[in-house]
Amino acid sequence: MSGARGRKPTKSKRETSRKSSPSLEKSEADEIVTRLQAEGVKAAKIGGFDLDGVLRGKYVSLEKLGSALKSGFGFCDVIFGWDIVDAVYDNGVLTGPQTGYPDTHAVLDPRTLRHVPWEPGIAAFLCDFRDEKGGDHPGCPRSLLKRMIARAEKLGFSAKFGAEFEFFLFKETRDTLEQKGFRALDPLDPGMFGYSWVRSGQDSDLMSDILDGMRDFDINIEGLHTETGPGVYEVAIRYNDVLVAADQAALFKVAMKQVAHRHGLSATFMAKWNASLPGCSGHLHQSLWQGGKNVFYDAKAANGMSRTFRSYIAGQLALMRELTALYSPTINSYKRYVPGVWAPLVAAWGIENRNTAIRVIGVGDPGALRLEYRQTAADINPYIAMATSLAAGLYGIEHELELEDELVGNAYESDKPQVPHTLLAAREAFATSAIARAALGDDVVDHYVNMADVELAAFDAAVTDWELARTFERM
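Remember, predicted model here, so these are calculated numbers, not experimental data.

Engineer: Would you mind going over the overall build of the protein with me for this structure?
Structural biologist: The helix and strand tally for the protein stands at 14 helices and 15 strands. For the protein, the C-alpha radius of gyration of 22 Å lies close to 23 Å, the compact-globule estimate for 475 residues. Each principal axis of the C-alpha atoms in the protein carries an extent, and together these give about 65 × 65 × 55 Å. Among the 475 residues that make up the protein, the fraction classed as buried is 55%. Long-range contacts, defined as pairs at least 24 residues apart, comprise 71% of the intrachain contacts of the protein with a sequence gap of at least 6. A total accessible area of about 20,700 Å² is found for the protein, and carbon and sulfur atoms account for 52% of it. Considering the protein, the positive charge centre built from 53 side chains and the negative charge centre built from 63 side chains are found 5 Å apart.

Here is the structure:
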């Protein structure tokens, strides 16, 4: 569905352009509510994603929905003042005890309307958050991505992205996870059996519910298969305009947990839940388009890679180190950065090279030529990771950066610059990045730095199982 006012936001014929999240005229809002009532909808779930990628929201009546569509609604800004476990920051940048946690203004995007398959009679909408002056709230990840989209459009480009996620499934409920302390968990399937028809066939009821449910939830799954590890699967979500792609990627993680729960299972998108197993990747496929053509392709250039494409990659490589804190936001993210388990350790690119942080795919095909950004894990906030990657690529184009030679062979044996392997190192590189501050704004950078500080302080205060096993009896 297009962004033009007056069009019906349907989930079956939605176009991919989402340039804004306008409030609606009374007649338009009433029309949506009337149509939902006719479809048997009883209430709506409305909400938005916070900095950790957690979807925060609530149920509202259809009457309240009509009001929210017309004029927005208030949402407690504590979601920008606490961490992933709802512990409030004692030194919050955007909000805190010093502000009294007032409501921030939230504006629904009617083009995100979808029905919730596992909650009959419930419709869902996503929102963007505004500051007190009506501008983008600096803590709103979706608004951050929209600013980067506007930056690309100013240069004449539209960005298309697609996400891939690996995730582990367990024969555990939310209650048994807590009871077991997240230890000695029972995986859905035993053993290492990547790309297995046998395992996916044995889990066919679950697979059907994932495929059917995601389709009905307006998430376009292109591929689903087992990966290497007990109970691990990988999903590929079809590429789309970047905002639609981010919506679908963020909602997939929420929806997957709902589907798993209905089967008595639990899913995790942690970057590394077990030290002895591979981590969960969250790769981002991306390309830029102009006038219906992929500007990454140039038939006359080496490998068909245009100057624009080469500069886009060069920008991502140049900024990879100082932007890692946004790609890898938690202590656990860096447990994945170990040799030999498919996580890139250096800032390098290669053609069809899965050892490098950036893999070029589709050489020679003008429709398929793209890059796969492989540094990211499944724990990303899709809005932030896509905004960051797009911003870095555009930086390369704007500054006409030259691309270094591709890395051929084993990147783990390369002397290329290493990406930060700890959150502390990533935090320092990000906090001092003039480019990040220019692209994102001081408020945004300072808030994410504070998030990293809170994460580091919480981990420093924790007593881990490793410490107990290593020193409890011996010291």
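This is not the end of the story, as more comes after the structure.
Engineer: Hey, could you run me through the packing of helix α1 (residues 26-38) against helix α2 (residues 62-71) in this one?
Structural biologist: The angle between the axes and the distance between the axes are what describe a pair of packed helices. Contact pair α1 / α2: the axes reach a minimum separation of 9 Å and the direction vectors enclose 150°. Relative to α2, the element α1 lies roughly antiparallel. α2 is crossed by α1, and the crossing has right-handed handedness. Mapping the contact onto sequence places K26, A29, D30, I32, V33, L36 and Q37 in α1 and L62, L65, G66, L69 and K70 in α2. Of the residues in the contact of α1 with α2, the class split is 7 nonpolar, 2 polar and 3 charged.

Engineer: Teacher, can you tell me more about a nonpolar patch on the surface here?
Structural biologist: A cluster of nonpolar residues, V463, L468 and F472, forms a patch on the protein surface that exposes about 350 Å² of accessible area. Tracing the backbone shows F472 in the segment after α14 (465-471). Owing to a relative accessible area of 68%, F472 belongs among the exposed residues under this scheme.

Engineer: Got a minute to help me understand the state of the cysteines in this structure?
Structural biologist: Defined simply, a disulfide is a covalent bond joining two cysteines at their sulfur atoms. Tallied over the entire structure, the rule returns 0 disulfides. No disulfide involves C76; its nearest neighbouring cysteine sulfur is the one of C127, lying 13 Å away. In this structure C140 is not part of a disulfide, and its nearest cysteine sulfur, from C127, lies 7.1 Å away. Judged by relative accessible area, which is 2%, C140 ranks as buried.

Parameters and conventions
Residues numbered from 1 in each chain as written. Predicted model: local features only at pLDDT ≥ 70, side-chain atom pairs only at ≥ 80, totals over all residues. Heavy atoms only, no water. Helix = DSSP H or I, 4+ residues; strand = E, 2+ residues; numbered from the N terminus. Rg over C-alpha atoms; globule rule 2.2 N^0.38 Å. Buried < 20%, exposed > 50% of the residue type's maximum accessible area, 1.4 Å probe, protein only. Contact = heavy atoms within 4.5 Å. Areas by Shrake-Rupley, 256 points an atom, 1.4 Å probe, with all protein chains shown as cover. Lys, Arg positive; Asp, Glu negative; His and termini not counted. Charge placed at Lys NZ, Arg CZ, Asp CG, Glu CD. Axes fitted to C-alpha atoms, helices over the stretch in contact; angles between N-to-C directions. Parallel < 35°, antiparallel > 145°, perpendicular 65-115°, else oblique. Left-handed = near helix turned anticlockwise from the far one by under 90°. Nonpolar A, V, L, I, M, F, W, Y, C, P; charged D, E, K, R; others polar. Patch = residues over 30% accessible without salt bridge, like charges linked within 9 Å, V, L, I, M, F, W, Y side chains within 5 Å. Salt bridge = Lys/Arg side-chain N within 4 Å of Asp/Glu carboxyl O. Disulfide = S-S within 2.5 Å.

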